[in-house]
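Fold and geometry: a report
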Amino acid sequence: MQDEPIDKEDILKDLSEIHKLDYEYSDGRILGSMCTEAHPFAKEVYCKFLDTNLGDPGLFKGTKHLEDEVVKSIGELLSLDKPYGNIVTGGTEANLMAIRAARNHARKYKGIVDGEIIIPDSAHFSFKKAADMLNLKIVEVELDENYKIDVESLKKVISDKTVAIVAIAGTTELGLIDPIEEISKIAHENNIYFHVDAAFGGFSIPFLKDIGHDLPVFDFSLEGVCSITVDPHKMGLAPIPAGGIIFRKEEYLQVMAVDSPYLTVKTQSTIVGTRLGAASAATYAIMKYFGKKGYSRMANDLMENTYFLKEGLESIGYEIICEPELNILAFNHPEIEAHEFAKKLENLGWKVSVAKCPIAIRIVLMNHIKKNHLKELLEDLKEIY
Ligand code: 0PR
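Attention shifts here to the sheet that holds strand β10 (residues 319-320). The strand order β10-β11-β13-β12 describes an open sheet built from four strands, whose pairing is antiparallel. Whereas interior strands pair on both sides, the edge strands pair on one side only; in this sheet they are β10 and β12 (353-356).

With that out of the way, let us pick up the nonpolar core. The biggest cluster of nonpolar side chains holds 61 residues, and the ones touching the most others in it are Ile-74, Ile-165, Ile-180, Phe-194 and Val-196. The element best represented in this core is helix α10 (residues 278-316), accounting for 11 residues. Dropping the residues within four chain positions of it, Ile-74 is found in contact with Ile-87, Phe-203, Val-230, Pro-232, Ile-246 and Met-287.

Two elements in contact, helix α11 (residues 338-347) and helix α12 (residues 371-384), have axes whose closest approach is 11 Å; the angle formed by their N-to-C orientations is 125 degrees. As judged from the angle between their axes, α11 and α12 are oblique. In this structure, the crossing between α11 and α12 has a hand that is right-handed. Contact residues: α11 offers Phe-341, Lys-344 and Leu-345, while α12 offers Leu-377, Leu-381 and Ile-384. The residue makeup of the contact of α11 with α12, split by class, is five nonpolar, no polar and one charged.

Looking now at the site of the ligand. Not every one of the 18 residues close to the ligand is listed here, only the nearest: Gly-91, Thr-92, Thr-172, Asp-197 and His-233. The side chain of His-124 places a nitrogen or oxygen atom 3.2 Å from an oxygen atom of the ligand. Isolated, the ligand exposes 590 Å² of accessible area, and the fraction of that covered by the protein chains is 76%. Classifying every residue of the shell around the ligand gives four nonpolar, 11 polar and three charged.

With respect to the helices, strands and loops of the structure, Asn-327 is situated in the loop between β10 and β11 (328-332). Classification of Asn-327 by relative accessible area gives buried; the value is 1%. Residues contacting Asn-327, with those up to four places away along its chain left out, are Phe-200, Met-235, Leu-302, Met-303, Thr-306, Ile-363, Val-364, Leu-365 and Met-366.

Here we take up helix α2 (residues 40-48). Within the span of α2, buried status applies to Ala-42, Val-45 and Tyr-46. When α2 is viewed along its axis, its buried side chains cluster within an angular range of 105 degrees and face the same direction. Summarising the geometry of α2, the exposed residues directed more than 90 degrees from the buried face are Pro-40, Cys-47 and Lys-48. On its buried side, α2 packs onto α10.

Taken as a whole, helix α7 (residues 180-189) has its buried residues at Ile-180, Ile-183, Ser-184, Ile-186 and Ala-187. End-on, the buried residues of α7 take up no more than an arc of 165 degrees, which puts them together on one face. Facing away from the buried side of α7 by more than 90 degrees, the exposed set consists of Lys-185 and Glu-189. Considering only its buried residues, α7 is in contact with α6 (151-157), β4 (162-168), β5 (193-197) and β6 (225-229). Just downstream of α7, Asn-191 is the residue with a positive phi angle, here 55 degrees.

Following Ile-240, the chain continues to Pro-241 via a peptide bond in cis, the omega torsion being 0 degrees. Looking at where Pro-241 falls in the secondary structure, it is placed in the loop between β6 and β7 (243-247). Cis rather than trans, the peptide bond between Cys-357 and Pro-358 has omega equal to 0 degrees. Note on placement: Pro-358 falls in the loop between β12 and β13 (359-364). Even without being a glycine, Tyr-147 presents a positive backbone phi close to 65 degrees. Position of Tyr-147 among the secondary structure elements: in the loop between β3 (137-141) and α6. For Tyr-147, a relative accessible area of 23% translates into the label partly exposed. Its identity is not glycine, yet Leu-237 carries a phi of approximately 65 degrees, on the positive side. Note on placement: Leu-237 falls in the loop between β6 and β7.

The rules behind each value
Residues numbered from 1 in each chain as written. Predicted model: local features only at pLDDT ≥ 70, side-chain atom pairs only at ≥ 80, totals over all residues. Heavy atoms only, no water. Pairing = 2+ DSSP bridges. Helix = DSSP H or I, 4+ residues; strand = E, 2+ residues; numbered from the N terminus. Core = buried A, V, L, I, M, F, W, Y, C linked by side-chain atoms within 4.5 Å. Buried < 20%, exposed > 50% of the residue type's maximum accessible area, 1.4 Å probe, protein only. Contact = heavy atoms within 4.5 Å. Axes fitted to C-alpha atoms, helices over the stretch in contact; angles between N-to-C directions. Parallel < 35°, antiparallel > 145°, perpendicular 65-115°, else oblique. Left-handed = near helix turned anticlockwise from the far one by under 90°. Nonpolar A, V, L, I, M, F, W, Y, C, P; charged D, E, K, R; others polar. Near = heavy atom within 4 Å. Polar contact = N/O pair within 3.5 Å; in protein donor to acceptor, adjacent residues only side chain to side chain. Areas by Shrake-Rupley, 256 points an atom, 1.4 Å probe, with all protein chains shown as cover. Arc of directions from axis to C-beta.

Okay, structure coming up:
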């Protein structure tokens, strides 16, 4: 740090130069991100609540009320009348809380000390972090030919050390929904904690179903589901960082509680101590602002863009990996290897990512990608072909 203070103007000039190194969502060139530009209204509200700290909720009763209301609204979307949970920093922290709850619950009620979690190969890497931090062993369940959890192999890997089964509603790479209804039954019959990671799909599946899209049930209406991750900072259009973890029962929060003697509340179950209220306030505001109809319209637009791209790709001759269920499309060039293909696109200014299972170019059709961007992309893809 320099000795003397610097003028605001000079600092801002410096910052804007550095900021130019960042890609901007509005260019429509970021094709592999699950985040997007937050809605301006959500950003406005976020700034008003920047100083609030939900780590000591007795001091910020208004903001705590907003967090509770958001948890209630998300719970309602997920068919749960009395939800428990928190607005956290993102899907990673939400998944970590779910797995911590499952581990502590199994330790307390079943005496499991060296537990295992069953996750599919398609699971987000946050579960590897969770297992590492919580000292759990990962047991991978195989995928079927449609890249979804193979239920028969799931049955085989359940053991008396299993503390949680994880399934995904909107996989990171392909946007697919696992057979959650069947898995819920298996988890329930075996009395095993079942967590659904709907970090990506949570803010679109319920709204798409509302307007008639034929998507499977993935929520608390299935009795085996114990917790669900849903991220407002993805399709919810809330500013980063806003993740959500919803639990079916209060006891899942209670088994994680530690004493916090000098705070306005005497126990704390979240991982983060001092934690922002701004995300809750912004999510509260944006959910009110859009309502179910607004989110349904948006989710439908994203699906229309997905089908538009799919048809365009097919008409050129590209191979689509699977029928999209949500707004992610994965495809390959018939001859060029995916990483090499991604490099060609990168040279033309497109930021795409490559899925690992199966290896393919993967495009996440978020709100910042408009029809005109897709038309330009298809032109470039025609050239490459
Ligand atoms: N669960 C699922 C199903 C996810 O897709 C993700 C994020 C997470 C959990 C973790 O969420 P957080 O990142 O909020 O902690 N998946 C993307 C990832 O691979 C998110 C992402 C966002 C990727 C922006 C690229 C990007 O530019 O991290």
